[in-house]
Amino acid sequence: MTSRQMVLGMQFSGGYGAEPGAWRLPGANLNSYTDMDQFVRYAQAAERGKVQLLFIADTPVLDMDLDHQAPHHMIDPMLLLTVLARETERIGLVTTASTTFSEPYNLARQFKALDVISHGRAGWNAVTTSDPAAAANFGATIPPRAEKYERAHEVIQIVQALWGSWEKDALLLDVENKRYADMDKIQPVNLQGKHVASRGPLPIPPSEQGQPVIFQAGGGSYGLEIAGRYASGVYANPYTVEDARAQREALRDAAKRAGRDPDEVKMLAGFMPTIAASRQAALERRRFLDEVVDLHQRVRYLGAMIGLPLGPDRLDEPLTAEQLADAVPSPHDPRSARALEVARQGWTLRDVIAHGVIDYHPVVAGTATDVADHMQEWFEAGACDGFSIALDGFHDGFDAFSDQVVPILQERGLFHEDYEGSTLRDHLGAPEQYGLDPRVTKPARS
């Protein structure tokens, strides 16, 4: 048993699952992309498992070929989370919104409204935009990296100031004295930065948690500074325990430099489980999911990862002894060592790929115990504070995780038995904050 316990977030990607072929899984609702009742069922399943939050990653662009794959992003994250706010009671609701192409007043208003509607369960994943195709949808181009992050700091500060533009006791609702609110406690923020500005105030009172929680998912030194100064949750993409430990330590150091307690910032490591009755059944499921992807291209990519010229002609054969002797994992791709390890077990190239060695998060394809074992290993090694879980398919994946994996984690003392409070800040152990954090933030120039 351990007193330290995991924070778990479940990712929503598109309407079907994290894998491109999830829409074809037997039993999947083919209308899931637009069927809000389906999302409600998934969210309620996650809440049944006491998962702390749902997370919607978003890039405002159609970035995939729809001939064989479903859209990767939601029809609209804020509208979906508003639906879920009315159909759930405790689970946190977090989504991405760009600081690069969004105005701070719009961001502040939308997320504060979601926070009030959900009774204090909203979170904002504040990120910059790097995709030129997404920029084109706003009639713009991607600004230089330093400029993007300079603007990001201004946007976040102004949003937080707007969130605090009502004092906590400004709303009176005094019928006898005919006073709805105290206007002396509802004030403009009047912030002007180099890139953005806002007068304020918002027309929205505080929620039960005061204001939404900020998350961050960017990498590099610029993203680390944003996370250290403002975020209570950070989405990370490490592929090994060692890399995860290093990322978590860098994050904690960034929080210290900003004047914060590093325990306030929770790093959630990305993880892609496939849960089945056996490892063989899980591998067969992943083979099916791979039927819509270009395996010829993936074989060539696998070859680049392990230093071999591989083609599609031997997709259903394992590597030869001579090839294995010549194979070397690429020092530029942290997934390469795992790819070569699986190849050395004698699997065909099709099955090596089905093990998820090219996926963007670590993959475990196996039983609920296999999945829990991976999570326990990383968590107890200090590699993360929890996980951001990308289920391969939603229609049965949410139930499998909540009903099979969660009880194992609870039995091992790694995950809570019930929610400790009613707000997202309660779930994360995040400190109370209303408006700007006086420890770390100087307002934009006024």
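Coordinates for the structure precede this section.
Please read these numbers as outputs of a predicted model, since none were measured by experiment. (Residues numbered from 1 in each chain as written. Predicted model: local features only at pLDDT ≥ 70, side-chain atom pairs only at ≥ 80, totals over all residues. Heavy atoms only, no water.)

Whenever I open this one, the overall build of the chain confuses me. Can you help?
The helix and strand inventory of the chain stands at 15 helices and 13 strands. Over its C-alpha trace the chain gives a radius of gyration of 23 Å, about what one expects of a compact globule, namely 22 Å for 446 residues. Taking the principal axes of the C-alpha coordinates as reference, the chain spans close to 85 × 45 × 45 Å. By the burial criterion, 57% of the 446 residues in the chain qualify as buried. In the chain, which carries 43 positive and 61 negative side-chain charges, the distance between the mean positions of the two groups comes to 5 Å. (Helix = DSSP H or I, 4+ residues; strand = E, 2+ residues; numbered from the N terminus. Rg over C-alpha atoms; globule rule 2.2 N^0.38 Å. Buried < 20%, exposed > 50% of the residue type's maximum accessible area, 1.4 Å probe, protein only. Lys, Arg positive; Asp, Glu negative; His and termini not counted. Charge placed at Lys NZ, Arg CZ, Asp CG, Glu CD.)

Explain the packing of aromatic side chains to me, please; I cannot follow it from the model alone.
Aromatic ring pairs are defined here through the distance separating the ring centres and the angle between the ring planes. Applying the stated rule across the entire model yields 15 aromatic pairs. Pairing Phe12 with Phe39 gives two aromatic rings, centres 5.3 Å apart and planes at 75 degrees, and the pair type is edge-to-face. With a gap of 27 residues between them, Phe12 in strand β1 (residues 7-12) and Phe39 in helix α1 (residues 36-48) connect regions that are remote in the sequence. The two residues Phe12 and Phe39 agree in class, both being buried. The interplanar angle of 55 degrees and the centroid separation of 5.9 Å between the aromatic rings of Phe271 and Phe387 together place this pair among those described as tilted. Within this pair, whereas Phe271 is found in strand β11 (residues 266-275), its partner Phe387 is found in strand β13 (residues 386-389), the two being separated by 116 residues in sequence. For the residue pair Phe271 and Phe387, the accessibility class agrees, reading buried in each case. We note Arg4 situated over the ring of Phe379; from NZ or CZ to the ring centre the distance is 4.0 Å. (Phe/Tyr/Trp six-rings, centres within 6.5 Å; stacked < 30°, edge-to-face > 60°. Lys NZ or Arg CZ within 6 Å of the ring centre and 35° of its normal.)

Explain the pattern of salt bridges to me, please; I cannot follow it from the model alone.
Close approach of charged atoms lets side chains of opposite charge pair. On inspection of all chains with the given rule, the structure shows 28 salt bridges. Put simply, Asp385 and Arg4 hold a salt bridge, and the shortest N to O gap is 3.5 Å. You can see Asp385 sitting in the loop between α13 (368-380) and β13 and its partner Arg4 sitting in the segment before β1, a full 381 residues away along the chain. Classification of Arg4 by relative accessible area gives partly exposed; the value is 30%. For Lys50, the salt bridge identified is with Asp418, shortest N-O distance 3.4 Å. Here Lys50, found in the loop between α1 and β2 (53-56), pairs with Asp418, found in the loop between α14 (394-411) and α15 (424-428); they are 368 residues apart in sequence, far enough to count as distant. (Salt bridge = Lys/Arg side-chain N within 4 Å of Asp/Glu carboxyl O.)

How do you make sense of the environment of Ile353 when you look at a structure like this?
In this fold, Ile353 is placed in helix α12 (residues 349-354). Distance from Ile353 to Gly228, taken between C-alpha atoms, is 36 Å for residues 125 residues apart in sequence. With near-sequence residues (within four places) excluded, Ile353 lies in contact with Asp290, Leu295, Arg298, Val299, Leu302 and Ile358. (Contact = heavy atoms within 4.5 Å.)

Could you clarify how one ought to interpret the packing of helix α5 (residues 145-163) against helix α6 (residues 220-230) in this entry?
In a pair of packed helices, the angle between the axes and the distance between the axes together describe the arrangement. The N-to-C vectors of α5 and α6 enclose an angle of 10 degrees; their axes lie 10 Å apart at closest approach. Between α5 and α6, the angle falls in the class roughly parallel. Viewed along their axes, α5 and α6 form a crossing whose handedness is right-handed. Here Arg145, Ala146, Tyr149, Ala152, His153, Ile156, Gln157 and Gln160 of α5 come into contact with α6, specifically with Gly220, Tyr222, Gly223, Glu225, Ile226, Arg229 and Tyr230. Residue composition of the contact of α5 with α6, grouped by class: 7 nonpolar, 5 polar and 3 charged. (Axes fitted to C-alpha atoms, helices over the stretch in contact; angles between N-to-C directions. Parallel < 35°, antiparallel > 145°, perpendicular 65-115°, else oblique. Left-handed = near helix turned anticlockwise from the far one by under 90°. Nonpolar A, V, L, I, M, F, W, Y, C, P; charged D, E, K, R; others polar.)

So what exactly am I meant to see when it comes to the environment of Val364 here?
Relative to the elements of secondary structure, Val364 occurs in strand β12 (residues 363-366). Residue class for Val364 comes out buried when judged on its relative accessible area of 15%. Residues Val364 and Leu283, 81 residues apart in the sequence, show an inter-C-alpha distance of 9.8 Å.

Would you explain the nonpolar core in this entry?
It is characteristic of soluble globular proteins that their nonpolar side chains tend to be buried jointly. If you look at the biggest cluster of nonpolar residues, it comprises 81 residues, and the most contacted ones within it are Phe12, Trp124 and Met375. When residues of this core are assigned to their parent elements, the largest contribution, 9 residues, is made by α5. Judged by nonpolar contacts, the second largest core, of 22 residues, contains Val299, Leu302, Leu310 and Leu319. (Core = buried A, V, L, I, M, F, W, Y, C linked by side-chain atoms within 4.5 Å.)

Looking at this structure, how should I read α1?
Residues spaced three or four apart along an α-helix face the same direction, because each turn holds 3.6 residues. With 13 residues, α1 should cover 18 Å at 1.5 Å per step; its first-to-last C-alpha distance of 18 Å lies within 8% of that length. All of the buried residues in α1 are Gln38, Phe39, Val40, Tyr42, Ala43, Ala45, Ala46 and Glu47. Those residues of α1 that are buried lie in contact with β1, β2, α2 (77-87) and α14. Its side-chain oxygen 3.0 Å from the backbone nitrogen of Asp37, Asp35 forms the N-cap of α1. Taken from the residues just after α1, Lys50 is the one with a positive phi, measuring 65 degrees. (Expected span 1.5 Å × (residues − 1). Polar contact = N/O pair within 3.5 Å; in protein donor to acceptor, adjacent residues only side chain to side chain.)

Got a minute to help me understand unusual backbone geometry in this structure?
With the exception of glycine, most residues fall at negative phi, and the peptide bonds are largely trans. The linkage connecting Gly200 with the following residue, Pro201, adopts the cis geometry, with an omega of -5 degrees. With respect to the helices and strands, the residue Pro201 is situated in the loop between β8 (197-198) and β9 (213-216). Although it is not a glycine, His119 sits at a positive phi angle of roughly 60 degrees. Of note, His119 is situated in the loop between α3 (104-117) and β4 (122-127). Judged by its relative accessible area of 47%, His119 falls in the partly exposed class. For Leu173, which is not a glycine, the phi torsion comes out positive at approximately 50 degrees.

Take it as geometry only, folks, not as evidence of what the structure does.
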